[in-house]
Structures are given as structure tokens and as C-alpha cells.
Amino acid sequence: MEPSTKRNIILLAVLVATVGIASWRFLAGGAADLAPDDQFIGFHCPACDHHFTLSHREFERRFNSRECHAKPGGGILVKCPKCENFTAERADSPSD
Ligand SMILES: [Zn+2]
């Protein structure tokens, strides 16, 4: 066997292994389709000055069921549990 052929086979094997691991990770991540329920995202509603949190799972559920509005210029607006307007924005550090 030519040395260059042997090297190509090794490179091909490495490539197959890398792609295989990458797709396995992708499939494994896709199978775990629920976002964590013990990690929270902070939100603030400027309309009524209310801070609240949603778990990643709850946020994903709302996002998937379109209970979120796209904010003009970027970002996501979610429904405020207090005043029930779609005005709450992400706020990672609640001030209260
Ligand atoms: Zn509000």
C-alpha cells in the first residue's frame, strides 16, 4: 500500500469519526427536547414595573406556542403575569 493512500485512509477514518460524534451529539441533544426546568430567565415589564422569572422550559413552551412577540428591532416580548400585556423584556438582574 502506498504511504499516501494509507494516510488518506487514516484521514478518512478521522473524518468519519468526527462527523459521527458530531451527529450523535446533535441527535442526542435533539432527543432531550425539554429545556431545563431548574434554570430561570429574568424578565421585567416596564408597563407595570414587575419583575418575574420564567424557567427555560416555560420560556421554550411559550416561544413554541407563539405566546411571545418579536420586539421591533430585535428581542422577544413575553406576556407579563401582572398586567397581562406583551411588554415584558429579558432582564437578567432584577433590581428588587
Ligand atoms: Zn406588566
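Reading the values: the criteria
- Residues numbered from 1 in each chain as written.
- Predicted model: local features only at pLDDT ≥ 70, side-chain atom pairs only at ≥ 80, totals over all residues.
- Heavy atoms only, no water.
- Helix = DSSP H or I, 4+ residues; strand = E, 2+ residues; numbered from the N terminus.
- Buried < 20%, exposed > 50% of the residue type's maximum accessible area, 1.4 Å probe, protein only.
- Contact = heavy atoms within 4.5 Å.
- Areas by Shrake-Rupley, 256 points an atom, 1.4 Å probe, with all protein chains shown as cover.
- Pairing = 2+ DSSP bridges.

Re the overall build of the chain
Part 1 of the argument: Across its full length, the chain carries 2 helices and 5 strands.
Part 2 of the argument: Mapped in sequence order, the helices and strands of the chain form the string α-β-β-α-β-β-β.
Part 3 of the argument: Within the chain, the fraction of its 96 residues that count as buried is 18%.
Part 4 of the argument: A fraction of 39% describes how many contacts in the chain between residues 6 or more apart in sequence connect residues 24 or more apart.
Part 5 of the argument: Carbon and sulfur atoms make up 59% of the accessible area of the chain, which totals about 7300 Å².

Concerning the pairing of strand β1 (residues 40–45)
Part 1 of the argument: Note that β1 and strand β2 (residues 50–55) share 6 bridges and pair antiparallel. When the bridges of β2 are listed, Cys45 appears paired with His50.
Part 2 of the argument: Two successive antiparallel strands, β1 and β2, enclose a turn made up of 4 residues, where Asp49 displays a positive phi of approximately 55°.

Any functional reading would require information beyond the geometric quantities listed.
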